[in-house]
Amino acid sequence: MSAHRDLMIAALKEKFVPKLRQKGFVGSFPHFQRRLEKRIDFLDVQFAREGGRLCLNIGQSEPQGPQDPAWPELTLAETTVSHLRHRSRVHRG
């Protein structure tokens, strides 16, 4: 890992992760979930391979979690955004 990426992670853990926790998200960096009555929100942080940039991957599922035959043994606790068929990426263009 580069020193720059380490600094980015430290800043995210200091500023961003506490805000996620205030909004009800659980999990450990970089994968988070928020379980609500009518849905589950998924969010993860992904760094650009070249460094210096990151994006947020977001998605939702039904309250029981994704029901995907491609992942029959996957528990809800193990589920991340990358397991969802429909997800979005938020980044600065």
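Here the structure is a predicted model, which means the values were calculated and not measured. (Residues numbered from 1 in each chain as written. Predicted model: local features only at pLDDT ≥ 70, side-chain atom pairs only at ≥ 80, totals over all residues. Heavy atoms only, no water.)

**Q** Where do I start with the overall build of the protein in this structure?
**A** For the protein, the helix and strand inventory stands at 1 helix and 5 strands. The order of α-helices and β-strands along the protein, N terminus first, is α-β-β-β-β-β. Each principal axis of the C-alpha distribution contributes one length, and for the protein these read about 40 × 30 × 25 Å. Long-range contacts, defined here as pairs at least 24 residues apart, represent 40% of the contacts in the protein between residues at least 6 apart. As displayed, the protein offers around 6800 Å² of accessible surface, 52% of which is attributable to carbon and sulfur atoms. Placing the 16 positive and 10 negative side-chain charges of the protein at their respective mean positions leaves the two points 7 Å apart. (Helix = DSSP H or I, 4+ residues; strand = E, 2+ residues; numbered from the N terminus. Contact = heavy atoms within 4.5 Å. Areas by Shrake-Rupley, 256 points an atom, 1.4 Å probe, with all protein chains shown as cover. Lys, Arg positive; Asp, Glu negative; His and termini not counted. Charge placed at Lys NZ, Arg CZ, Asp CG, Glu CD.)

**Q** Would you mind going over the sheet that holds strand β2 (residues 31-35) with me for this structure?
**A** The strands making up a sheet associate through hydrogen bonds between their backbones, and the pairing can be parallel or antiparallel. Taken in spatial order, the 5 strands line up as β1-β2-β3-β4-β5 in an open sheet, and their pairing is antiparallel. Two strands bound the open sheet, and with one partner strand each, they are β1 (26-28) and β5 (87-90). Each neighbouring strand pair of the sheet contributes to a mean axis angle of 15 degrees, computed without reference to strand direction. For β2 and strand β3 (residues 40-47), the ladder comprises 5 bridges, and the chain directions are antiparallel. (Pairing = 2+ DSSP bridges. Axes fitted to C-alpha atoms, helices over the stretch in contact; angles between N-to-C directions.)

**Q** What is the right way to read the nonpolar core from this model?
**A** The tendency in soluble globular proteins is for nonpolar side chains to be buried side by side. Counting 11 residues, the largest nonpolar core consists of Met-8, Ile-9, Leu-12, Val-17, Leu-20, Phe-25, Phe-29, Phe-32, Leu-43, Val-45 and Phe-47. The leading source of residues in this core is helix α1 (residues 3-22), at 5 residues. Every residue in contact with Leu-43, bar those within four places of it in the chain, is listed here: Phe-16, Leu-20, Phe-25, Pro-30, His-31, Phe-32, Asn-57, Ile-58 and Val-81. (Core = buried A, V, L, I, M, F, W, Y, C linked by side-chain atoms within 4.5 Å. Buried < 20%, exposed > 50% of the residue type's maximum accessible area, 1.4 Å probe, protein only.)

**Q** Explain the side chain of Asp-68 here, please?
**A** Turning to its location among the elements, Asp-68 is positioned in the loop between β4 (54-61) and β5. Of the polar contacts made by the side chain of Asp-68, one reaches the side chain of Arg-85; its length is 3.1 Å. (Polar contact = N/O pair within 3.5 Å; in protein donor to acceptor, adjacent residues only side chain to side chain.)

**Q** Help me out: how do you make sense of α1 in this one?
**A** The end-to-end C-alpha distance of α1, which contains 20 residues, comes to 28 Å, matching closely the 28 Å that a straight helix rising 1.5 Å per residue would cover. Burial in α1 covers these residues: Met-8, Ile-9, Leu-12, Val-17 and Leu-20. The inward-facing, buried residues of α1 contact β2, β3 and β4. Where α1 ends, the next residue or the one after it, Gly-24, has phi of about 95 degrees, a positive value. (Expected span 1.5 Å × (residues − 1).)

**Q** Got a minute to help me understand the pattern of salt bridges in this structure?
**A** Side chains that differ in charge, positive against negative, can pair when their charged atoms come close. Enumeration over the complete set of coordinates arrives at 4 salt bridges. Note that Glu-14 and Lys-15 form a salt bridge whose closest N and O atoms lie 3.9 Å from each other. Classification of Lys-15 by relative accessible area gives exposed; the value is 57%. Across the salt bridge formed by Arg-85 and Asp-68, the nearest N and O atoms sit 3.1 Å from each other. Taken together, the residues Arg-85 in the loop between β4 and β5 and Asp-68 in the loop between β4 and β5 connect sequence positions 17 residues apart. (Salt bridge = Lys/Arg side-chain N within 4 Å of Asp/Glu carboxyl O.)

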